[in-house]
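# Coordinate inspection notes
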Amino acid sequence: MSTRPQPSFWGSTWAETVTSWKEMVAPRSLVDNLLSGLTVAFVALPLNLALALACGLPASAGLITGAVTGAIAALIGGSRLQVTGPEVALVPLTFEILQRHGPHGLLCATFLCGVLQVIMGAARVGRLIHMIPVSVIGGFMAAVGLLVFNSQLPRLLGLPAEMRLVSSLPGTGWLAHVDLFAVGIGALVMAATVLLPKLHRRLPGGLIGLGAAIAAVSVLGVGTASVGPISASFPAPSLPEFHRLEFIAIFPEAIALALLASIDSLLSAVAIDAQSNAKRHSSEQELVAQGVSNMVSSMIGGMPVAGAIVRSSAALQCGATTRLAALTQSVTLLGLLYLARPFVERLPLAGLAGILLVVGYRLINWQQARFMWRVSRFEAFVFVATATSIVVSDFVGGVLMGLVLSLVHFAHMQRRVDVSLVTALTDEPAEIPRLLELPARRSLGPTPPVAVVRVEGPIFFASHTELRSLAEGDPLPRHLVFDLAGVPLIDCTGIQAFRALLARLREQGTRALVSRASEAVAERLEEAGILREVAGGRVFPTVAEALGALEEPAARASVFAAPRGPLASALLRPEAPAGAS
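Attention here is on the structure that accompanies the text. Values in this document were obtained by computation on a predicted structure and should not be read as measured data.

## Considering the pattern of salt bridges
As a working rule, side chains carrying opposite charge can pair if their charged atoms are close by. Under the definition given, this model contains seven salt bridges. Its salt-bridge partner being Asp483, residue Arg516 comes within 3.1 Å of it at the nearest N-O pair. Taken as a pair, Arg516 in the loop between strand E6 (511-515) and helix H19 (519-527) and Asp483 in strand E5 (residues 479-486) lie far apart in primary sequence, 33 residues in all. Take Arg516 and Asp483: they sit in the same class, and that class is buried. Residue Glu533 is joined to Arg499 by a salt bridge in which the shortest nitrogen-to-oxygen separation is 3.0 Å. With a gap of 34 residues between them, Glu533 in the loop between H19 and strand E7 (539-540) and Arg499 in helix H18 (residues 492-507) connect regions that are remote in the sequence. Judged by relative accessible area, which is 28%, Arg499 ranks as partly exposed. What emerges from the salt-bridge pattern is a single network uniting Glu96, Arg100 and Glu253.

This is the structure:
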């Protein structure tokens, strides 16, 4: 009977992408996704403008970049609900590249960043993102929320443009610059964003609130900070001018930009997966899409982009369920740029800040933080430490610190290996005592001639010291059978500790055998030469066979007699799972 060949990874990925395109026009979700995309466009608008200006680029570059790259990633991205565009995590490095190498250097670095992301996606390294703990992802999202508060509270309060961040406000002198009318406008938009969807989930609270804010400004005639004039020119696409700079000088910064943009995008995609019931994203496809987006951005004179957690979360909270929401966001941005530029220029910054503050607050998962505090205080500490490190330093450093702390926590939890000595004199309710009962009775001294050492847990750098206790204290039997069925792994430190234990046992006149090690552990022992230092020179498939290989007649007799009993122990069967005894 012939079997149908399985599709390749990219073949099945392309088929799922085509299916997701068809889902965009499903009547039951069309309206929700259109409204979500419209609302997110007004969330993305101030971010794109502000991030472009923060990087030292024209405001229009942020709008054009967000519109074009957002459409590309919306159509071919691995996450159906992720919105792509200029991102706050990329601002410091983008600004630094612009200052060092000029606009053409930034375009070259952005293009190389895209090429590297495509290569990483093709090499399928994106799957590693799923190994990041929930505590680190939660800390990342909380940090983004805090950074939103840091940058948008001054806009809500109507403070002058030079007072950009809460963290840089001078003493209490800024209180004299607070614009109460701007605060009222922001409060109005925030109330509409929070309350109107509770009346009906299809009500675009942010859009209605912004419309009310513009009406209030027009009717009352009170001046307040607005978006202001923007340019609507679209640059002709062209490749970056690599001949104008040294490739070696820009390549390291392009690598850093690619790593930062990739980590930011994939963390955002993982966070969106956790918040929605949508199909889990494909990290490899998302990296390729982000790479293509950055390459195109550099060709139209744009800036580096990444998956944006703020805009993506806003889309999700507004009812996004398909790619149509992110695509609508991009089309709306272009429409606002070319068809409604006067309207966009009049948008009050305080109202836009109000929408962002609501989204930023929702990014901080208070319920998850309380749950971690109840279940694992250390993981709660990782959550807080990751968020704090990102806020005070940068995203890459904060995420790396969270990962290091999580690894330390894992090593701490796995640090103990249970090493138990089973003899006929113990109270063990299993088959081993019956195997050892006859040798124990024939022993001339208090120490039985044979015993089984059962090891449970990984033997690695944080737990290897537990093996030392075996060779300390009371005299050991003349023969020890190590049952390693409960050892999932052993690293180089563990191998060295095991070798030292065997050497010490030989000095004491104790002979060691090894049984029931997993294939991976047995392979490591063989490669390290450990099996040449134990009796038999191999791993015995069962404890019974290891005991049967002993040269002592008493031990051999008991081995052959015991398995014929009415009860069969898991330790006697090669196929028995670890810990079955």
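## Details of helix H10 (residues 309-317)
Of all the nine residues making up H10, eight are buried; the element is thus mostly covered by neighbouring parts of the structure. For H10, the full list of buried residues reads Ile309, Val310, Arg311, Ser312, Ser313, Ala314, Ala315 and Leu316.

## Re the layout of surface pockets
If you add up the space inside the largest pocket, you get close to 1300 Å³. Looking at the lining of the largest pocket, the elements that each hand over two or more residues are helix H2 (27-54), helix H4 (91-122), helix H5 (134-156), H10, helix H13 (349-363), helix H15 (377-392) and helix H16 (395-413). Per-class residue counts for the lining of the largest pocket are 36 nonpolar, eight polar and six charged.

## Topic: the packing of aromatic side chains
This model, assessed by the stated rule, comprises five aromatic pairs. With centroids separated by 5.4 Å and ring planes inclined at 90°, the aromatic side chains of Trp14 and Trp21 adopt a geometry described as edge-to-face. Accessibility expressed as a relative area gives 28% for Trp21, which makes it partly exposed. Against the face of Trp373 rests Arg377, its NZ or CZ located 3.9 Å from the ring centre.

## Some thoughts on the side chain of Gln368
Inspection of the secondary structure puts Gln368 in helix H14 (residues 366-375). Every residue in contact with Gln368, bar those within four places of it in the chain, is listed here: Val134, Gly138 and Phe383.

## A word on a negative patch on the surface
Residues Glu519, Glu523, Glu526 and Glu527 make up a contiguous surface patch of negative charge. Of note, Glu527 is situated in helix H19.

## Considering the pairing of E5
By the criterion of burial, E5 is predominantly enclosed, with eight of the eight residues buried. Here six bridges tie strand E4 (residues 450-456) to E5, and the two strands are oriented parallel to one another. By the bridge assignment, Val450 is partnered in E5 with His479. The sheet contact formed by E5 and E6 spans five bridges and is parallel. Along E6, the bridge assignment pairs Phe482 with Val514. After leaving E5, the chain enters H18 and then returns to the sheet as E6, a path that is right-handed.

Reading the values: the criteria
Chains are numbered independently. Their residues run from 1 in the order of the written sequence. The predicted origin of the model limits local features to residues at a pLDDT of at least 70 and limits the giving and counting of side-chain atom pairs to 80 or more, whereas totals for whole chains, interfaces and linings rest on all residues. Excluded from the side-chain calculations are hydrogens and water; all other atoms, namely the structure's heavy atoms, are used. One speaks of a salt bridge when a side-chain nitrogen belonging to Lys or Arg is within 4 Å of a carboxyl oxygen belonging to Asp or Glu. Numbering goes from the N terminus for both helices and strands, where a helix is a DSSP run of H or I of at least four residues and a strand is a run of E of at least two. Throughout, exposure labels follow a simple rule: accessible area from a 1.4 Å probe, protein chains only, divided by the maximum for the residue type, with under 20% read as buried, over 50% as exposed, and the rest as partly exposed. Cavities and pockets were defined on a 1 Å grid built from protein atoms only: a cavity is a group of points that admits a 1.4 Å probe but offers it no way out, a pocket is an open group of points flanked by protein on both sides within 12 Å along at least five of seven lines, and a lining residue is one with an atom within 4 Å of any such point. Grid points are joined across faces, edges and corners, and a volume is the space filled by probe spheres set on the points. Just so you know the grouping, Ala, Val, Leu, Ile, Met, Phe, Trp, Tyr, Cys and Pro go in nonpolar, Asp, Glu, Lys and Arg go in charged, and all remaining residues, Gly too, go in polar. Each aromatic pair joins two rings of Phe, Tyr and Trp (for Trp, the six-membered one) with centres within 6.5 Å, and gets the label stacked for planes under 30 degrees apart, edge-to-face for over 60, and tilted for any other angle. A ring is considered to have a charge above it if a Lys NZ or an Arg CZ atom is located within 6 Å of its centre and within 35 degrees of its normal. Between two residues, a contact is recorded if the distance between any of their heavy atoms is within 4.5 Å. Within this analysis, patches are made of residues with over 30% relative accessible area and no salt bridge. Like charges are joined at 9 Å or less; nonpolar side chains (Val, Leu, Ile, Met, Phe, Trp, Tyr) at 5 Å or less. The protein chains shown are the only cover counted for residues, whose accessible areas, like all others here, come from Shrake-Rupley with a 1.4 Å probe. In this tally, Asp and Glu contribute negative charge and Lys and Arg positive charge; neither His nor the terminal groups of the chain are included. Think of each charge as sitting on NZ of Lys, CZ of Arg, CG of Asp or CD of Glu. Only strands that DSSP links by at least two bridges are regarded as paired with each other. Throughout, right-handed denotes a crossover for which the path from the first strand over the helix to the second runs clockwise when the strands point away from the viewer.

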